[in-house]
Each structure stands twice: as structure tokens, then as C-alpha cells.
Amino acid sequence: MAELKLIDPYNRHLNYLRISITDRCNLKCIYCVPRDLIPRLSHDDILTYEEILRLVRIGIKLGISKIRVTGGEPLVRKGVYSFLSDLSRLDGLADISLTTNGVSLKANLRRIKTAGIKRINISLDTLNRTKFERITGFNLFDQVWQGIEMAMEMGFHPIKLNIVALNGINDDELADMARLSFDYPLHIRFIEYMPIGESQIGNGPLLLAPEIKKRISVLGSLIPVTNTIDDGPAQRYHFEGAAGEIGFIHALSHHFCDRCNRLRLTARGRLRPCLLSDHHEDVKEVMRTGGTDEELMEVFFKAVRHKPSDHNLAIQNPSRVCGQMSSIGG
Ligand code: SAM
């Protein structure tokens, strides 16, 4: 079986598959979607749960051991809880996690837990109700925050809060968000805005990790936390005496491509070897024209062969990636 591993031309071992199960979302975050409606994929365009599970089983044979379910908003897709249970029952996965905007978390945490999910990432870009509405288009801050509190009470761990740092929008709140890590066992993760698809963010200066670090340093020194092999690209820190952690996803200011172990399966059934490059392999087409497991494995290998050594987005004048984040899966 030694040759059945997803090892790319740069000797990176890909064992992490992020799956966007839907391109639909119940929020309209300004950094994620354009102002005008984008056409949604039809039911037939997106992979069925059975198709996704088949691909995951194949992925496991190829060394995939870690899965993140994302979207769009994964919790808006019908049948998601049974799907998560089916995923949890597969042999060979060491870790299954979920990324959500938290809107329907409170009502569904029990089902998520019963389905076997222990780790969740929740997007929360502000602690201010008015700004929450401005960023997401909906007045749902309290609902999301209650979901986060309940997730902590129910013992989900770690709970990571994803914050996309945006100049002129939440840049005045970075220290307040970081301060949450003193009182709660939350992992606060600052994400640099990435120019993916169409969004409502202009071409102004980006708010990058060095500046974010500077702004939150009013709270104390950031003490590095040793990364484990499963940590992925986040640079981890904590403040002295804090219950939680601080992390930085600095895709632009500090490429972490040399450590990238990810493949993405998009809602429309494409395997993407890199979030920030538009190359993809159409695995759905192969599957729906009667492809065997061996042929589908070959699609995985093909995607892996095309994984670029590095994304080439520059801080100054970054080019845009064409696909929408909601379809690719963040
Ligand atoms: N709906 C879920 C959510 O809101 O967490 C999952 C999908 S969302 C696309 C996944 C993550 O991508 C979120 O944490 C979001 O903040 C992040 N994201 C979306 N667009 C982004 C962008 N242009 N740059 C950086 N992060 C982005």
C-alpha cells in the first residue's frame, strides 16, 4: 500500500480533505459574497451525500485521515446531521470537524454532538451587534453568541472563532476579540482576508498578521504555543494566564504552502489542490459517468500532481482567485 499515498511533487503528504457540502448560506458576509446575488448551484449540480461518502472512503484508502465539513453554510443543507453521523462511522478517520457561521448552532448542538463531532470552528468577525449586521446582512449576533456559549458548556473543544480582519470594519476591535481568550477557553483565530471570488471588499490595504499582532499586544506578550503535526497553518500563541489561545492564519503575509497538507472537495464535485489557485479536477464527472474506484483514485492523484509549490498571491496587488469561497469551502 506504500505507493497509495497522496504525495505531491514537492513531497508534501496530503492527508486533510476539506469538503464544501453546499454553496448556500444563510448569511451574506461582505468579504465572502458579492452584493448582487450569485447564481446558486442546482440540486443536481452538487454532490449527493452518498457520492461524498464514496469519495471519502476512497480518500481514506489514499491516506486521508482528517476531514473538515464546511460550505457555504453546512448546517443549512438538509440531511446534514445524518451525513455527519455516517462520516463519523467510517473507519480510518482520526479527526472530523465542522466550520459554521453559528446561526443554527444553538438549536442543533446536540445533534452535532450525537453525530460524533467534537471540534467546531465558528465565524464571528465582531462583538458589536450593529457591525455584525453590517458584515453579515443579518441581525443575528445574539443567536450566534448564545450558540458559542452553549457549545462551550457542552464541552466542544477546541472551539475556534474565525475572525477575518478587515481594515475599516473590525480593525478597532481586534484587542477586544483577543481579550476573549482570557475569559474563555476559545481559540481566537485572526484570518487575513484572501481575494477569492467576488466580494464587497475593495482593493484597499490589507490588514495583515504583523499589524494585528501589534494591535493586540496591548494585552500582553504573545507566548508561542508549540504546533503539533495536526495544527495546520495557524501560528499559535497564548497570553500569560489566559484560558484560550490566539492564532493567525497568514496566507498572504507569510505563506505556509510548504506545510500545506490539504485538498478540497467543492460542492460541485471538483477536487482542488490549492484554495488559492483555480486548478481543479472534475471528480463528479468521472463518478457520474460510471467511473470505478480505481478511476476516481486516479483523479485524486491527478489533483495532487497539480498542487502548486506555492500560491502566488502577492500582498501588493493580489490577483483574484475565480471560484467563490462559498462553493470551494473555506
Ligand atoms: N459558513 C461557514 C462559516 O461562515 O464559517 C463556513 C464557510 S466560510 C466560507 C469558511 C470560512 O472562510 C469562514 O471562517 C470565513 O470567515 C472564511 N472566509 C470567507 N471568505 C474569506 C476571504 N475572502 N478571506 C478569508 N477568509 C474568508
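Just above sits the structure.
Draft legend 1. Broad picture of the overall build of the protein chain. When helices and strands are tallied, the protein chain shows ten helices and twelve strands. In terms of overall size, the protein chain behaves like a compact globule, its C-alpha atoms giving a radius of gyration of 19 Å where 330 residues would be expected to give roughly 20 Å. Dimensions of the protein chain along its principal axes, counting C-alpha atoms only, are 55 × 40 × 40 Å. Taken across its 330 residues, the protein chain has 58% of its residues classed as buried. Residue pairs in contact within the protein chain that sit at least 24 positions apart in sequence constitute 75% of those at least 6 positions apart. With the model as given, the accessible surface of the protein chain reaches about 14,700 Å², and the carbon-plus-sulfur share is 51%.

Draft legend 2. Fine view of the sheet that holds strand β7 (residues 222-224). Spatial strand order, β7-β8-β9-β6-β5-β4-β3-β2-β1-β10-β11-β12: twelve strands in an open sheet with mixed pairing. In the strand order of this sheet, the two ends are held by β7 and β12 (281-282), each with one partner. Of the strand pairs in this sheet, strand β10 (residues 262-265) and strand β11 (residues 270-272) are connected by two bridges, and their pairing is antiparallel. Looking at the pairing, Arg 264 lines up with Arg 272 of β11. Docked against the sheet, helix α1 (residues 49-61) engages β1 (16-20), β2 (66-70) and β10, running at close to 175 degrees with respect to β1.

Draft legend 3. Examining the packing of aromatic side chains more closely. In total, this model carries six aromatic pairs according to the counting rule given. Each ring, one from Phe 190 and one from Phe 248, has its centre 5.9 Å from the other, and the planes form 25 degrees; the classification is stacked. Remark: Phe 248 occurs in strand β9 (residues 245-249) and Phe 190 occurs in strand β6 (residues 186-192); sequence separation between them is 58 residues. In terms of burial, Phe 190 and Phe 248 fall into one category: buried. Here the guanidinium or amino end of Lys 113 rests over the ring plane of Phe 156, the centre of that ring lying 5.7 Å away. Lying over the aromatic face of Phe 248, Lys 213 brings its terminal NZ or CZ to 5.1 Å of the ring centre.

Draft legend 4. Examining the site of the ligand more closely. Near the ligand, the surroundings consist of 18 residues, among which Gly 72, Glu 73, Ser 123, Asn 162 and Met 194 are the closest. Contact distances for the ligand include 3.1 Å between an oxygen atom and a side-chain N or O atom of Tyr 31. Note that an oxygen atom of the ligand is positioned 3.1 Å from one of the side-chain N or O atoms of Asn 162. Burial of the ligand by the protein chains amounts to 95% of its free accessible area of 550 Å². Put simply, the parts of the chain that give the shell around the ligand at least two residues each are β3 (95-100), β5 (159-165) and β6.

Draft legend 5. Layout of helix α5 (residues 141-153). For α5, spanning 13 residues, the distance from its first C-alpha to its last is 19 Å, which sits close to the expected 18 Å at 1.5 Å a residue. Within α5 the residues assigned to the buried category are Phe 141, Val 144, Trp 145, Gly 147, Ile 148, Ala 151 and Met 152. Looking down the long axis of α5, one finds its buried residues gathered within 155 degrees of arc, a one-sided arrangement. Considering only its buried residues, α5 is in contact with α3 (105-114), β4 (119-123), α4 (129-136), β5, α6 (174-183) and β6. Positive backbone phi, approximately 85 degrees, marks Gly 155, located one or two places after α5.

The rules behind these values
Residues numbered from 1 in each chain as written. Predicted model: local features only at pLDDT ≥ 70, side-chain atom pairs only at ≥ 80, totals over all residues. Heavy atoms only, no water. Helix = DSSP H or I, 4+ residues; strand = E, 2+ residues; numbered from the N terminus. Rg over C-alpha atoms; globule rule 2.2 N^0.38 Å. Buried < 20%, exposed > 50% of the residue type's maximum accessible area, 1.4 Å probe, protein only. Contact = heavy atoms within 4.5 Å. Areas by Shrake-Rupley, 256 points an atom, 1.4 Å probe, with all protein chains shown as cover. Pairing = 2+ DSSP bridges. Axes fitted to C-alpha atoms, helices over the stretch in contact; angles between N-to-C directions. Phe/Tyr/Trp six-rings, centres within 6.5 Å; stacked < 30°, edge-to-face > 60°. Lys NZ or Arg CZ within 6 Å of the ring centre and 35° of its normal. Near = heavy atom within 4 Å. Polar contact = N/O pair within 3.5 Å; in protein donor to acceptor, adjacent residues only side chain to side chain. Expected span 1.5 Å × (residues − 1). Arc of directions from axis to C-beta.

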